[in-house]
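Each chain is listed here by its residues.
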Amino acid sequence: MVKIQDFCDMEKFESIIANWAKSTGMATVAIDTEKHELSQLYNFTDFCFKLTRGTKEGDRRCEKCDREGEGVYFCHAGLGEFRIPITLSDGTLLGYVLGGQVLPKEPDEEEFRKLAKELGIDEDTYIEALHKVVVKPKEEIEASANLLRDVINLFVSSSYYEYQSGDLLERLQSGIDKAASQIESANASTAIIGDFSRKQNILALNASIEAARAGDSGKGFAVVASEVQKLAEGMAVTSKEITGKLNELTKTIQELKG
């Protein structure tokens, strides 16, 4: 399974999340597909994190919103939230950026006092925390979340492409080195074949001379000696051709190694 940590510069990844959270004031955290945190938590509010989620009913409602929410949405308490998928260009899901916790308009205190009663939270404490929540128009929440989506996914995809390219180059270099080694071995083997061919040719020539001296009784041996000589000559030609091709390949590999 591909993990962001395997190929991303996590300091740069963290910097993108941190700078975005600082500039927007919105809560932000990145997680992987198993819900492990990939970044620090930024701007998480007491209103959401400690109070609303701090109650059994509030946590149940928030969990439901977390499961069902996609893109930019509004939670049960009326706050703008977002759930941005982190993906590669081929669609592979690596995790999510979660956050938001901002109001789309100035809050109606009476509505939130009712919510506090439903969740069993002290009303005044809830309202005090509510007034610390950032207020942003819906359009600005959506635009900010979409910008973060584009930036973080561009960074992750670019990092993965760079990682894959580096790995490919490493494997290519390894393959070139291996091929060079194999060519050296092949050259040595070709040299042995050439030497064997020369010796075989000399042996066939000597056999032909001895067959000629033997007269009629050496005719059969002379035929064999002739065939051996032809084989030796053929091996010499083949060895020369192989050596030429190997030299060309060696030159090409040296150029690749640069």
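Remember, it's a predicted structure, so these values are computed and weren't measured experimentally.

Novice: Help me understand the pattern of salt bridges, please; the structure alone is not making it clear to me.
Specialist: Pairs can form between side chains of opposite charge once their charged atoms are near each other. Per the counting criterion, the structure on display carries 15 salt bridges. Between D124 and R113 there is a salt bridge whose closest N-O contact spans 3.2 Å. Of this pair, D124 sits in helix α6 (residues 123–130) while R113 sits in helix α5 (residues 109–119); the two residues are 11 residues apart in sequence, bridging distant segments of the chain. Taking the shortest distance from any N to any O, the salt bridge between D150 and R149 comes out at 3.1 Å. Overall, D150 belongs to the partly exposed group, its relative accessible area being 42%. Take R149: its relative accessible area is 34%, and that puts it in the partly exposed class. Several salt bridges converge on common partners, so that one network encompasses R53, D59, E63 and D66.

Novice: Would you take a moment to explain helix α2 (residues 10–24) for this structure?
Specialist: Quick reminder: α-helices carry 3.6 residues per turn. Residues three or four places apart thus point the same way. Helix length check: α2, at 15 residues, gives a terminal C-alpha distance of 21 Å against a target of 21 Å (1.5 Å per residue), a fit within 8%. Count one or two residues on from α2 and you reach G25, which has phi positive near 75°.

Novice: Is there a simple way to explain the nonpolar core in this structure?
Specialist: Soluble globular proteins: nonpolar side chains tend toward being buried together. Counting 25 residues, the largest nonpolar core has F13, F82, V97 and V156 as its most contacted members. If you tally residues by element for this core, the top one is helix α7 (residues 138–214), at six residues. When sequence neighbours within four positions are dropped, the list of residues in contact with F13 reads I4, A30, L38, I86, I152, F155 and V156. Counting 19 residues, the second-largest nonpolar core is a separate cluster that includes F112, L115, A129 and L130.

Novice: For this particular structure, what's the right way to read the packing of α5 against α6?
Specialist: Two quantities define a packed helix pair, namely the angle between the axes and the distance from one axis to the other. Between α5 and α6, whose axes approach to 9 Å, the crossing angle comes to 130°. Here α5 lies oblique to α6, going by the angle between them. In this structure, α5 meets α6 at a crossing whose hand is right-handed. Contacts from E109, F112, R113, L115, A116, K117 and L119 of α5 reach α6 at E123, D124, Y126, I127 and L130. The class makeup of the residues in the contact of α5 with α6 is seven nonpolar, no polar and five charged.

Novice: Where do I start with unusual backbone geometry in this structure?
Specialist: Backbone geometry follows two general trends: most residues other than glycine have a negative phi, and most peptide bonds adopt the trans configuration. In this structure, K35 takes a positive phi of about 70° despite not being glycine. Within the element layout of this structure, K35 appears in the loop between β1 (27–32) and α3 (46–52). Classification of K35 as exposed rests on a relative accessible area of 66%. Phi at Q101 is positive, roughly 55°, even though this residue is not glycine. Within the secondary structure layout, Q101 lies in strand β4 (residues 93–102).

Novice: Explain the packing of aromatic side chains here, please?
Specialist: The description of an aromatic ring pair uses the distance of the two centres, along with the angle that the planes make with each other. Scanning the model with the defined rule gives five aromatic pairs in all. Taken together, a centroid distance of 5.5 Å and an interplanar angle of 85° make the contact between W20 and F82 edge-to-face. Pair noted here: W20 is in helix α2 and F82 is in strand β3 (residues 80–87), with a separation of 62 residues, a long-range link. Across the pair, F82 and W20 agree in class, each one buried. Both rings, one in F47 and one in F112, keep their centres 5.8 Å apart while their planes meet at 70°; by these two values the pair is edge-to-face. Note that F47 is positioned in helix α3 and F112 in helix α5, a separation of 65 residues in sequence. Residue F47 shares its accessibility class with F112, and that shared class is buried. Ring-pair connections join several aromatic residues into one group, and the members of that group are F47, F112 and Y126. Over the ring of Y96 we find R83, and its NZ or CZ is 4.0 Å from the ring centre.

The rules behind the values
- Residues numbered from 1 in each chain as written.
- Predicted model: local features only at pLDDT ≥ 70, side-chain atom pairs only at ≥ 80, totals over all residues.
- Heavy atoms only, no water.
- Salt bridge = Lys/Arg side-chain N within 4 Å of Asp/Glu carboxyl O.
- Helix = DSSP H or I, 4+ residues; strand = E, 2+ residues; numbered from the N terminus.
- Buried < 20%, exposed > 50% of the residue type's maximum accessible area, 1.4 Å probe, protein only.
- Expected span 1.5 Å × (residues − 1).
- Core = buried A, V, L, I, M, F, W, Y, C linked by side-chain atoms within 4.5 Å.
- Contact = heavy atoms within 4.5 Å.
- Axes fitted to C-alpha atoms, helices over the stretch in contact; angles between N-to-C directions.
- Parallel < 35°, antiparallel > 145°, perpendicular 65-115°, else oblique.
- Left-handed = near helix turned anticlockwise from the far one by under 90°.
- Nonpolar A, V, L, I, M, F, W, Y, C, P; charged D, E, K, R; others polar.
- Phe/Tyr/Trp six-rings, centres within 6.5 Å; stacked < 30°, edge-to-face > 60°.
- Lys NZ or Arg CZ within 6 Å of the ring centre and 35° of its normal.

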